[in-house]
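Examination of the molecular architecture
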Amino acid sequence: MALSYQSTRGGQSGVTASQAILQGLAEDGGLFMPTEIPKLDISLEKLASMTYQETAYEVMKLFLTDFTEDELKACIAKAYDSKFDTEEIAPLAKAGGAYFLELYHGNTIAFKDMALSILPHLMTTAAKKNQAEKEIVILTATSGDTGKAAMAGFADVPGTRIIVFYPKDGVSAIQELQMRTQKGDNTAVVAIHGNFDDAQTGVKKLFGDKALAEEMAGKGFQFSSANSINIGRLVPQVVYYVYAYARLLEGGEIAEGEEINVVVPTGNFGNILAAYFAKRMGLPVKTLICASNDNKVLYDFFTTGTYDRKREFILTNSPSMDILISSNLERLIYLSTGCDAQANAALMKELAEQGSYTVTEEMRAFMADFKGGYATEQENAAAIKELFDSTGYLIDTHTGVAAAVYGKYKRESADSTKTVIASTASPYKFSHSVMEAIAGEKAAEGPDEFGVVDALSRLSGVAVPKAVEEIRHAEIRHSRECTVDGMKETVKNILGI
Ligand SMILES: *Cc1c(COP(=O)(O)O)cnc(C)c1O
């Protein structure tokens, strides 16, 4: 059955999956949603014997209904190959009374690789299917990980260019080096003088700039997005929740049909929304625990029903979650109104103009499967240390937020449901903060970042990943900076228009 996509704000409907991927954001500023969330049409028992690639096909074919079997399978084969350092692609590790779903075994050692390894293939296939002749310009705002993962995917892909904006002082040293050393003639990296929300709002504005779109079209360019506002990011992320459940079943950790909980360290609300999609597809998931850092706008939302971005933006040691405007929440809001695009658009207008909105009791009831939690920097560090000291298992500072929130949840709720924690980055991406958590401030004071990397490896016994070795001596290729107001000029400059 063919699925079609529509904007959460009502301005576009009847869009095919490939068109939605190509376009990224809907014309009215809304996000594309399928007219319904499809049900898995294969048993959990069958899924338990499947590889990651086979599982990916079973899940993605239900959403991307205008891709042929051959097209989709080719995209999957090209994405989930030896770029990943394990054949399992997303292994599960049992430690400290939970299952850590390691989503950082790809090229750039963060979970963004799970979707961004396949997005370029989906995008170029979509361009062919729709006879799109313009060069695709991927415009991306990053809180540190999306930028590198997207560039790794799109570097030197014919017919595409990619421009990444990151907050100048808002990413880790390794994240910044990863981006500034990126190769590929079609890549550009810009540090903006602002935070992630500034970058994301600026990028969304450029998407909505009709004059710019016309000027670009005249020169043979069209924009698309590699952020999780693109449905082509979200769909591949559903796969690993289904895969994790299947691995638990195969390993005899759970019985068929047994419900599990999922904890996701959250920023833009993309990863946890994918877990929710998996639940709606029929995966036995009970509670979705949304873990925030000190920027706890989502915790406040789930506990009060009011989303309020009017607060101080706090820089934390889990920078990829330093976000006050979680774009993908719009998709859940839309669903919670019974897919009433007008009601959703009104709330998003309130958010843009007044900085906050409050949902109805009915909408809150619809979201009852979500539970918000947050962890301070101290709680995060304590959770990383506790897990490392008691089991030898090392996690990064984002996964640390999730582990700390899960610990609090378990104590308060006495819920003993088996739980999967999304482990979103390699500890080496945040070596300094991880070292400080497990060995104290002094130990993290290296002569440079790589001194800390090596010390962390000696202490933890975990090998330094290839992605970090590669940038140790790599040449800096990108030094552009701009102000928030200068984003449009910068894009035009890069494109030479
Ligand atoms: C992007 C990111 C997150 C947040 O994921 P969202 O889908 O934006 O909620 C968490 N941890 C890491 C390491 C990330 O890169």
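Just above sits the structure.
Residues numbered from 1 in each chain as written. Predicted model: local features only at pLDDT ≥ 70, side-chain atom pairs only at ≥ 80, totals over all residues. Heavy atoms only, no water.

1. Considering the overall build of the protein chain
Secondary structure summary: the protein chain contains 22 helices and 15 strands in total. In terms of C-alpha radius of gyration, the protein chain reaches 21 Å, essentially the compact-globule figure of 23 Å for 497 residues. If one aligns the C-alpha atoms of the protein chain with their principal axes, the spans along those axes are about 60 × 50 × 45 Å. By the burial criterion, 61% of the 497 residues in the protein chain qualify as buried. For the protein chain, long-range pairs separated by at least 24 residues make up 75% of all intrachain contacts whose partners lie at least 6 apart in sequence. Carbon and sulfur atoms provide 47% of the accessible area of the protein chain, an area that totals close to 18,600 Å². (Helix = DSSP H or I, 4+ residues; strand = E, 2+ residues; numbered from the N terminus. Rg over C-alpha atoms; globule rule 2.2 N^0.38 Å. Buried < 20%, exposed > 50% of the residue type's maximum accessible area, 1.4 Å probe, protein only. Contact = heavy atoms within 4.5 Å. Areas by Shrake-Rupley, 256 points an atom, 1.4 Å probe, with all protein chains shown as cover.)

2. With respect to the pattern of salt bridges
Between side chains of opposite charge, pairing is possible as soon as their charged atoms come close. On inspection of all chains with the given rule, the structure shows 24 salt bridges. When the shortest N-O distance is used, the salt bridge between glutamate 379 and lysine 408 registers 3.2 Å. Pair noted here: glutamate 379 is in helix 17 (residues 377–391) and lysine 408 is in helix 18 (residues 397–413), with a separation of 29 residues, a long-range link. For lysine 408, a relative accessible area of 22% puts it in the partly exposed group. Linked through salt bridges whose partners overlap, the residues forming this network are Asp41, Glu58 and Lys61. (Salt bridge = Lys/Arg side-chain N within 4 Å of Asp/Glu carboxyl O.)

3. A look at the sheet that holds strand 4 (residues 98–102)
Picture the strands of a sheet paired through backbone hydrogen bonds; they go either parallel or antiparallel. Here 6 strands make up an open sheet; going across it, the order is 3-4-14-9-10-13 and the pairing mixed. Of all strands in the sheet, those bounded by a partner on one side alone are strand 3 (92–95) and strand 13 (370–374). Direction aside, neighbouring strands of the sheet carry axes that sit 25° apart on average. Relative to strand 14 (residues 419–423), strand 9 (residues 260–265) runs parallel, the two being bridged by 3 bridges. Paired with valine 262 across the bridge in strand 14 is valine 420. Strands in contact with helix 12 (residues 270–280) are strand 9, strand 10 (285–292), strand 13 and strand 14; relative to strand 10, the strand with the most contacts, it is inclined by about 175°. (Pairing = 2+ DSSP bridges. Axes fitted to C-alpha atoms, helices over the stretch in contact; angles between N-to-C directions.)

4. Concerning the environment of aspartate 66
Along the chain, aspartate 66 falls in the loop between helix 3 (52–63) and helix 4 (69–79). We classify aspartate 66 as partly exposed; its relative accessible area is 24%. Separated by 112 residues in the primary sequence, aspartate 66 and glutamine 178 have C-alpha atoms spaced 35 Å apart. Among residues more than four places away in sequence, those in contact with aspartate 66 are Thr16, Ala17, Ser18, Glu71 and Lys129.

5. Overview of the packing of helix 19 (residues 431–439) against helix 20 (residues 449–460)
The contact between helix 19 and helix 20 brings their axes to 9 Å, and the two run at 45°. Classified by the angle between their axes, helix 19 and helix 20 sit oblique to one another. In this structure, helix 19 crosses over helix 20, and the sense of that crossing is left-handed. Residues Ser431, His432, Val434, Met435, Ile438 and Ala439 of helix 19 form the contact with helix 20, whose own contacting residues are Glu449, Val452, Val453, Ala455, Leu456 and Leu459. (Parallel < 35°, antiparallel > 145°, perpendicular 65-115°, else oblique. Left-handed = near helix turned anticlockwise from the far one by under 90°.)

6. A word on helix 6 (residues 119–129)
When you tally the buried positions in helix 6, you get 8 out of 11 residues, the bulk of the element. Listing the buried residues of helix 6 in full gives Leu119, Pro120, His121, Leu122, Met123, Thr125, Ala126 and Ala127. Immediately beyond the C-terminal end of helix 6, within one or two residues, lies glutamine 131, with a positive phi of roughly 45°.

7. Remarks on the pairing of strand 9
Side-chain positions along a regular strand alternate between the two faces of the sheet. By the criterion of burial, strand 9 is predominantly enclosed, with 6 of the 6 residues buried. On strand 9, burial covers both faces: Ile260, Val262 and Val264 on one face and Asn261, Val263 and Pro265 on the other are all buried. Across 5 bridges, strand 9 lies against strand 10 in parallel orientation. Opposite valine 262, over in strand 10, you have leucine 288 as the bridge partner. On the question of chirality, the crossover connecting strand 9 to the parallel strand 10 by way of helix 12 is right-handed. (Right-handed = clockwise from strand over helix to strand, strands pointing away.)

8. Points about the layout of surface pockets
In this structure, the largest pocket spans a volume of roughly 980 Å³. Around the largest pocket, the lining is made up of 34 residues, and of these Leu25, Gly29, Lys204, Phe207 and Gly208 lie nearest the centre. Only helix 1 (17–23), helix 9 (196–207), helix 10 (210–218), strand 8 (221–225), helix 14 (329–336) and helix 15 (341–354) provide two or more residues apiece to the lining of the largest pocket. Volume-wise, the second largest pocket comes out at about 350 Å³. Forming the walls of the second largest pocket are 15 residues, and the residues nearest its centre are Lys148, Ala152, Gln182, Lys183 and Glu470. Every element with two or more residues in the lining of the second largest pocket is listed here: helix 7 (146–154) and helix 21 (466–472). Considering every element that reaches the lining of the second largest pocket, the biggest residue donor is helix 21, with 4 residues. Taken together, the residues of the lining of the second largest pocket break down into 5 nonpolar, 6 polar and 4 charged. (1 Å grid on protein atoms, 1.4 Å probe; cavity = no way out; pocket = protein on both sides within 12 Å on 5 of 7 lines; lining within 4 Å. Points joined across faces, edges and corners; volume = space filled by probe spheres on them. Nonpolar A, V, L, I, M, F, W, Y, C, P; charged D, E, K, R; others polar.)

9. Observations concerning the site of the ligand
In the region of the ligand, 15 residues are neighbours, and Lys112, Asp145, Gly267, Asn268 and Asn271 sit closest. Between the ligand and the protein, one listed contact pairs an oxygen atom with a side-chain N or O atom of lysine 112 at 2.6 Å. The separation between an oxygen atom of the ligand and a polar main-chain atom of glycine 270 is 3.2 Å. Coverage of the ligand by the protein chains reaches 98% of its 380 Å² of free accessible surface. A molecule is said to occupy a pocket when more than half its atoms come within 2 Å of that pocket's grid points, and by this definition the ligand occupies the largest cavity. For the shell around the ligand, a count of residues per class yields 5 nonpolar, 8 polar and 2 charged. (Near = heavy atom within 4 Å. Polar contact = N/O pair within 3.5 Å; in protein donor to acceptor, adjacent residues only side chain to side chain. Sits in = over half its atoms within 2 Å of the grid points.)

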